[in-house]
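Spelled out, the chains give:
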Amino acid sequence: MFTRFLLLALIFAVSASHAQQKKSLSHKDYDLWKKIDHTQVSNNGDIVVTTISTSTGRGDGYLKIHNVRTGKTFQFKNGYKTGISHDGHYVFFLRKLAYRLERKERKEDVKKDQRTKDDFFVYDVRKNQLTDSMMRIKSYKIPKESSGWVVLEHHKNEPPKKDKADSSEVKKDQKKPIKRLAEKADYGIVYNIKKQSRDTLFQLKDFQLPREGQQFIFSTSEGEKKTDLGVFLYDVQNGSQTLLDSSHYTYKGLSIDHTGRQMAFLAAQDSVKSDSLKYELFYVNHKLPIKIVDSLGKNLRKDWELSAVQRPYFSKDGKRLFFYSRPKRHFHRDTTFLDDEIPEVDIWSYHDKLIQPEQKAKLKQLEDKAYQSFYNTDTQKIISLHDQRMEYISFDQEHTQRYVLGYTNSPYQIERSWDYPSLQDYFIVDTHTGEKRLALKGTSGRPILAPDHKHAVYYDQEEKSWWSLNLETNTKVNLTRNLTVNFFDEKNDRPMLPRAYGFGGFTKDGQALVYDQYDIWSLELSGTDKPKNITRTGRENNIEFRSFRLDPEYRTKTTYYDKGILISAFDKTNKSSSLFSLNPKNGKKQSLIETDNFLITGVDKAKNGTTLVFQKENFQHFPDLYIINKRGAEADRITDANPQHNHFKWGSVELVSWQAYDGETLEGLLYKPEDFDPNKKYPMIAYFYERRSDTYNRYHTPKPSASTVNMSYLVSNGYVAFVPDIVYKLGQPGPDAYNSIVSGVEAMEAKGFIDSNNMALQGQSWGGYQTAYLITVTNKFKAAMAGAPVSNMTSAYGGIRWRSGMSRAFQYEKTQSRIGKNLWDGLDLYLKNSPLFGIPNIETPLLMMHNDADGAVPYYQGIEMFMGMRRLNKPVWLLVYNNEAHNLSKLKNKQDLSIRMMQFFDHYLKDAPAPLWMTEGLPHIMKGKDLRYELDKD
C-alpha cells in the first residue's frame, strides 16, 4: 500500500512538474512553428511527398517522402520544389541554402548572382536513397506523362578564381582567354535518369516539354537584348538536336503538342526597338516550319496583327493550333515634342466604361489584350473565334469541342461601379465556322461546359434556379423548377441577390451535381429525368454534404473514390467533418474517415490509385498530414510538424450560443486558457468578422499578425477570447454589430469568469469598421484596436479600391457594407452608421492600423478617424506601415504589429506599463533607428 502511494505521488509530481514546465507563447516563439507547404501524391498512390517549412520563413524546413507500400520515409533538410516522375519511381527536388547562411549572405550584402544557388537531387523510390545531384540549379521541368528524363536550367558557372601570382606575370600583349559559354550565360541540361548522363544546351533561352513525347523544343540566344541563335528540336532517345530555324532576330512563344510531334513558335525579323517587332507564326510538322502568319498580317483580319504576349498552344488532339491577334493600334503622336514637353494628365470622363484608376490598375492587361483564333492542322484553315465585341471565351479543357462559350461585360461596365454581381452577355460560338449566337443576356451566372459537348449548366440568380443550355439548339431548361428546397444562400443578409450554394462537378455519367444548404443533388442535363437528392440525409441531420473536384486539369469533373463519389460531411452542430464514398444510385455512404471533433482539410488523392491524403485539425491539434489507401483502413499520420506545441500553454475553445437583443439565437466561439479556473476573473478580447462559428475546429498557428489577434497567443497569455457571429438587416450595419457583439459579450460576462472592467475589441477591415463604430455607442470596453476601418461612409462611398481601381459604391449599395441605397437616397443611413460622427461620445482608447498602400479601404479613412479623435483629445494611436496593403505582407511589419498590439492590450487590460511609443510617440527622426518597445516605468 505504501509502495502504491509513493508511485502515485511520484506520477503526480512528474505531471505537476511537466505542467509547470509549459511556458506561455512569446513573440520570439513564432519561428518554431512549421507549416505544410505542399503535398504531392504519385499517380499510382505509392508515394506521398510533403514539403514542410517554417511558418515565418525564418528557419529551415525539410522534405518528407513517405512510401505507402513499405511505410518507409525519407527526410531531407531544406528540400523543396518537388516533382514525381510519371511512373512514380523517382522524386526530384531542389535544396535551398540553410537559413542561417542565406541570412548571412544578405547581411554581408553579397550580390545576388554571387549568392549560393539551389542544388538538385534525384531520389530513387525503389532504393529509398538519393542517386544523383547537381549544384547551381535554377529550375527544372519533367514531362507529365512520360518518364526517364528531366530538363534543368543551370545557373551560369562561376569563373575560376584568378591566382594573383600568375596574373601578375601575364604579358601586356598576351590576349585574354575567350569566356567559356558556361560562364557566359545560364544553360540547360538534359538529364537521363537511368544512365545518369547529361547533355548540355548552352545559351538556353526557353524550352517547352510535351506531355508524353520523347522530344522537346528549345531556343538559344546570345543574351538579353542580343540576337537569338535559333529554335531547335531535341530528341531525348538519341540525344540529337535538329535546327528548325535560325533566320530570325528573336524567338518567343515556343509550343509543342501533347505527343511532341508538332511544334509552333513566334519569330521576328527586325532588330529595332522591341515594342515594334513584327512577329510571325510558324507551325512545325515533320521538322519543317510552315509560316502561318507573316509580319504583314497574312491570314489575319484586316488591320490586325499577331500578338507575341501570349504563347500559342495546341488542343489535346493536336488538330488545333491556337494563337492570339489584335487590332493594330494607331497613336497620333506629335514627334516634335520633347519628353519633358508632353503633359502628364489623366482625363476622367463620364463616358468611360472603366474609370481611370481601374484602367491604370489593369494597364498591362489592357495593353496585352488579344483575341484567339486557331489553325486547323488537318484542313489548314484558320477560324477567328472572338474580337472586341466579345472579349472573352471559355473552352472545354481539351480545346476540342465544337461549341464553346464567348462572353462580354462591356454593356454593363459602367453599372459595375455600383451594381453587383456584374453582368455578362453569353454567346454560343461554333468553332467550325466562327459563327456566334446570343444565348444569355445580362446574366450574372457563369455557364460551365459539360463533358457531353452539348450542354452548359448555370445558376440564374434572378430565378434562383439551376438551368441547362443546349449548345446545339440554344434552348434553356430550368432543371430545379419543381423542387421545394432552395439552392441559394438562405442566410444571405446583403442587399444583393443570393448566390448559389455551389456546383459539385459532373459525374461519370454526365450528371451535374449542385448543392442545397445540406444535400447534393444530381441533375440530368436535358431535364427529362427528375432531379435526385443523392445524399438524402443532410437536412434531417444538420449535416452539409459536398463533393470534391480534385483533378487539377479537369476541375469540372467530380472526384471518385473506390467507385463511389468522394464527399465531405460537415456537421453543423459540432463543426466537425468526415469523408465518405457515396453510391449516387442508392444514397449509401461508405465511411472513409469519421470524426466528431476535428476538421478535415487539404484533401487529395492518387490519380490512378486509392491513396487518399488529408489534414486533420482542431484548436489543440496542428493539421498534420494523414493517409488511407483503402476503404476501411485506419488513417496513418505521416507528419509531426510541430512537436514543440506540447511545450507551451495552449487552451481550449467552446462553442457558445446566446440570444441577441432582437431575440435571434446566435453562435460564437469562446477561447479559454489551458489552466482555466472558473472562479477567477479573466480579461477578454472580442474579435469578429461576419460569421466565424464554423471555424470552431480550426488550429491557430502562433505567427506574426497580418492584422488580427492570434487566439493561441491570447489564451497562452491568460486572455479569454470571444468570437461572435454577426447577423444583419438592411441599412444598419453599425446597430446590427451592436446587437450581435455586445449582447454576446454580456452573455459571456454572465458566466462569471470575465473581468468586466478589462474587456477589449479587435477587428480588421469590416471588423475594424465595427470596432470603430462600437466605441461610439458604448463605453463598455477598456480598449479597442481597429485595422483599416472605414470611419466616414459618405467619403468612403465615393472612394476607390486602389488595388483594383474600382469604385467603392457597389460595396454600400449591394455587398458587405449593407446600406442598400446610394448616398443621396440614403444619406441618413450613411451618417448614422459612420463612426466619425460619433467621435464626441468615445471614451475608449483606440489603436488603429491603416497602411499607406491599402488597396481596399482608402488610407484617408484611418486619418479622418485619427484627426477627429486627436482634435477632441481622445486617446488614439495610428500605425501606418509604409508600402503595405490592406493586410501586412512583410514579415518585419507583422512582427512589429504583433508586439505593439499586445503591448497596447497588456497595458489597458493587465495594467502592464505602457511602452515608450505609446507614452512618448516615435518622432520621425527616430524612424528606423529606435523602435521604442521599451516599457515606460515612470
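Residues numbered from 1 in each chain as written. Predicted model: local features only at pLDDT ≥ 70, side-chain atom pairs only at ≥ 80, totals over all residues. Heavy atoms only, no water.

1. So, the overall build of the protein chain
Our working rule: Put simply, DSSP marks the helices as runs of H or I at least four residues long and the strands as runs of E at least two long, and each gets a number from the N terminus on. To get the radius of gyration, use the C-alpha atoms; to get the globule rule, take the number of residues to the power 0.38 and multiply by 2.2 Å. Buried, partly exposed and exposed residues are distinguished by accessible area as a fraction of the type maximum, computed with a 1.4 Å probe on protein chains only: under 20%, between the cut-offs, and over 50%, respectively. When checking whether two residues touch, look at their non-hydrogen atoms; a contact exists if any pair is within 4.5 Å. Just so you know, the count uses Lys and Arg for positive and Asp and Glu for negative, and it drops His and the chain ends. Charge positions come from single atoms, namely NZ of Lys, CZ of Arg, CG of Asp or CD of Glu.
Looking only at helices and strands, the protein chain features 16 helices and 56 strands. Over its C-alpha trace the protein chain gives a radius of gyration of 31 Å, about what one expects of a compact globule, namely 30 Å for 938 residues. Taken along its principal axes, the extent of the C-alpha atoms in the protein chain is 85 × 80 × 75 Å. Across the 938 residues in the protein chain, those meeting the buried criterion constitute 53%. The long-range fraction of contacts in the protein chain, counting pairs at least 24 apart against all pairs at least 6 apart in sequence, stands at 55%. The positive charge centre, built from 136 side chains, and the negative charge centre, built from 117, are 3 Å apart in the protein chain.

2. Considering the environment of E667
Applicable threshold: A 3.5 Å cut-off defines polar contacts: any pair of N or O atoms within that distance qualifies, except that in protein one atom must be a possible hydrogen donor and the other a possible acceptor, and neighbouring residues in sequence count only when both atoms are side-chain atoms.
You can see E667 is positioned in strand β48 (residues 665-673). For the pair E667 and K681, spaced 14 residues apart in the sequence, the C-alpha separation amounts to 23 Å. Residues within four places of E667 in sequence aside, it is in contact with K575, L655, V656, S657, W658, S693, P724 and D725. Side chain to side chain, E667 and S693 meet in a polar contact 3.5 Å long.

3. Description of the nonpolar core
Which entries qualify depends on this criterion: Each nonpolar core is a collection of buried residues, namely Ala, Val, Leu, Ile, Met, Phe, Trp, Tyr and Cys, held together in the definition by side-chain atoms within 4.5 Å.
Ranked by internal contacts, the top residues of the largest apolar core, which has 53 residues, are V48, Y671, M711, L714, L897, F904 and F905. Among the elements that make up this core, the one with the highest residue count is helix α15 (residues 891-910) (seven residues).

4. Focus: the side chain of T611
Among the structural elements, T611 can be located in the loop between β43 (599-605) and β44 (612-618). Here T611 falls in the buried class, since its relative accessible area comes to 4%. A distance of 2.6 Å separates the side chain of T611 from the backbone oxygen of G45, its partner in a polar contact.

5. Focus on the packing of aromatic side chains
Counted only if it meets this: Each aromatic pair joins two rings of Phe, Tyr and Trp (for Trp, the six-membered one) with centres within 6.5 Å, and gets the label stacked for planes under 30 degrees apart, edge-to-face for over 60, and tilted for any other angle. Two conditions define a charge sitting above a ring: the NZ of Lys or the CZ of Arg must be within 6 Å of the ring centre, and it must be within 35 degrees of the ring normal.
With the rule as written, the count across this model stands at 50 aromatic pairs. Where W33 meets W650, the ring centres are 5.9 Å apart and the plane angle is 25 degrees; that geometry is what we call stacked. Residue W33 is found in the loop between α1 (2-21) and β1 (34-41), and its partner W650 is found in the loop between β46 (636-637) and β47 (651-659); the two are separated by 617 residues along the sequence. The class of W650 is buried, set by a relative accessible area of 2%. When the centroid spacing of 6.2 Å and the interplanar angle of 10 degrees are considered together, the rings of F92 and F120 count as stacked. Residue F92 is found in strand β6 (residues 90-95), and its partner F120 is found in strand β7 (residues 119-124); the two are separated by 28 residues along the sequence. Assigned by exposure class, F92 and F120 land together as buried. These aromatic residues form a ring-pair network of at least three members: W33, F619, F622, F648, W650, Y671 and Y699. We note K464 situated over the ring of F488; from NZ or CZ to the ring centre the distance is 5.8 Å. The lysine or arginine in question, K672, covers the ring of F676, its NZ or CZ lying 4.6 Å from the ring centre.

On their own, these measurements won't tell you what the molecule is for.
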